[in-house]
Amino acid sequence: MRHWYKEPLLHFVILGGLLFAVYGWLNHEASPEPGVVRITEADVNWLKEMWTRQRQRPPEERELRGLVADYLKEALLAREARDLGLEENDTVVRRRLAQKMEFLLQDTARLAEPGEAELHSFYETNRSRYQTSKKISFSQIYFKSEASARKALEEIPNGDSSQFGDPTLLEREFAEEEENEVANRFGRTFAESVFNVHPDSWQGPVASAYGFHLVRVTERQEASQISFEKARPRILMDWQYEQQAKINRSFFDKLLEKYDVVIDETVKPLVEPVTALKEKIQ
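Rules and cut-offs
Every chain is numbered on its own, with residues counted from 1 as its sequence reads. Local features in this predicted model are restricted to residues whose pLDDT is 70 or higher, and side-chain atom pairs enter the listing and the counts only when it is 80 or higher, whereas totals over whole chains, interfaces and linings include all residues. By convention in this description, side-chain values take in all heavy atoms of the structure and omit both hydrogens and water. By the criteria applied, helices consist of DSSP H or I runs no shorter than four residues and strands consist of E runs no shorter than two, each listed in order from the N terminus. Exposure above 30% relative accessible area and the absence of a salt bridge qualify a residue for a patch, where like charges join within 9 Å and nonpolar side chains (Val, Leu, Ile, Met, Phe, Trp, Tyr) within 5 Å. Using the Shrake-Rupley algorithm and a 1.4 Å probe, accessible areas are obtained, with residue cover drawn only from the displayed protein chains. Salt bridges are defined by distance alone: a side-chain nitrogen of Lys or Arg within 4 Å of a carboxyl oxygen of Asp or Glu. Using a 1.4 Å probe on the protein chains alone, a residue whose accessible area is under 20% of its type maximum counts as buried, one over 50% counts as exposed, and one in between counts as partly exposed. By convention a nonpolar core is built from buried Ala, Val, Leu, Ile, Met, Phe, Trp, Tyr and Cys residues, the set being connected through side-chain atoms within 4.5 Å. A contact between two residues is defined here by any heavy atoms of the two lying within 4.5 Å. Only strands joined by at least two bridges in the DSSP assignment are considered to pair. Here a polar contact is taken to be a pair of N or O atoms separated by no more than 3.5 Å, where protein atoms must pair a possible hydrogen donor with a possible acceptor and residues adjacent in sequence count only if both atoms sit in side chains.

**Student:** For this particular structure, what's the right way to read unusual backbone geometry?
**Tutor:** Most peptide bonds adopt trans geometry, and most residues besides glycine take a negative phi value. Each neighbour pair has its own omega, and for glycine 204 with proline 205 the value is -5°, a cis peptide bond. As for its position among the elements, proline 205 is in strand E3 (residues 203-207). Its identity is not glycine, yet glutamate 176 carries a phi of approximately 50°, on the positive side. Take glutamate 176: it is sitting in strand E2 (residues 173-178).

Given below as structure tokens:
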């Protein structure tokens, strides 16, 4: 039985708390002192880092002075805007703040890396995710009516198949197509039918979004399991996505506990119950 202190979600919660604390310390402007705008060494280091990342070199002293001057101007304008309440009811500001919170949560998730045992366990639990797609190669002949398709099916064994069918821009030959690719061209029902067609003979009619088709399957490749080693990058990505979803749900639950959500009676029918909202948070 795995010890509780090895749970990844616990690591995320602890790291998240530390990240929030650091973020709050670096962003002291959130609770500004009356009449004070500060520029700290951390602010200047952040400006240097952003410049270096963008330009692939550190700023010269003249450039750094310009960065600090621009930052001070921005800080003064932002502070005055807040004092005037200009951020209230501003959609752009609200979305930007929400976006910053999402980035913060994502950074929290990236702080932890799963061990190999954790990844192997995830792989075994979700083996069906890591399989090659079924593929099929087939020929098709298009007909506007089902009756025409049935008549052609009786005559094709005695003649050249290229002489049959109604005019269309659809290709006749398809090689190593995945089911989703076939569905995108012809529709889901057609794709499901084609993957069940007996190979090496003309069969049908098979209905599609366009009309009716005679189909001859020449090759069918079944799905096969991808090894852990080959699938590892994708396994890691999926694992991180699931951990991110857990963090988001946990954080949203805490927000719902922290704040009272008050909804005007006139708009309540437009708002889903809190339980339904929780399930949608990813």
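**Student:** So what exactly am I meant to see when it comes to a nonpolar patch on the surface here?
**Tutor:** A cluster of nonpolar residues, Ile39, Leu72 and Leu76, forms a patch on the protein surface that exposes about 220 Å² of accessible area. Its location among the elements puts leucine 72 in helix H3 (residues 61-83). The class for leucine 72 is partly exposed, based on a relative accessible area of 33%.

**Student:** Honestly, the pattern of salt bridges in this entry has me stumped. Any pointers?
**Tutor:** Any two side chains of opposite charge can pair if their charged atoms end up close together. One pass over the structure, following the stated rule, counts 14 salt bridges. For arginine 62, the salt bridge is made with glutamate 60, and the minimal N-O distance between the two is 3.9 Å. With a relative accessible area of 60%, arginine 62 lands in the exposed category. Relative accessible area serves as the criterion here: at 45%, glutamate 60 is assigned to the partly exposed category. When the shortest N-O distance is used, the salt bridge between arginine 65 and glutamate 61 registers 2.9 Å.

**Student:** Before we go on, may I ask you to explain the nonpolar core in this structure?
**Tutor:** Nonpolar side chains in soluble globular proteins generally cluster together in the buried interior. Among the nonpolar cores identified, the biggest contains 15 residues, and Phe138, Val182 and Phe190 are the most heavily contacted of them. For this core, the secondary structure elements donating two or more residues are strand E1 (135-143), helix H7 (179-186), helix H8 (188-194) and strand E4 (212-221). In contact with phenylalanine 190, other than residues within four places in its own chain, are Phe138, Val182, Val206, Ala207, Ser208, His213 and Val215. Counting residues in hydrophobic clusters, the runner-up holds 9 residues, among them Leu119, Ala231, Leu236 and Trp239.

**Student:** What's the story with the pairing of E3 in this structure? I'm lost.
**Tutor:** Strand residues, when the strand is regular, have side chains that alternate between the two faces of the sheet. Both E3 and E4 contribute to a ladder of 3 bridges, which runs antiparallel. Bridging across to E4, valine 206 finds its partner in histidine 213. What sits between E3 and E4 in their antiparallel hairpin is a turn of 4 residues.

**Student:** What is the right way to look at the side chain of serine 139 in this model?
**Tutor:** Of note, serine 139 is situated in strand E1. In this structure serine 139 comes out as buried when scored by relative accessible area, which is 2%. A polar side-chain atom of serine 139 sits 2.6 Å from a polar atom in the side chain of glutamate 173. In contact with serine 139, not counting residues within four places along its chain, are Arg172, Glu173, Trp202, Leu214, Val215 and Arg216.

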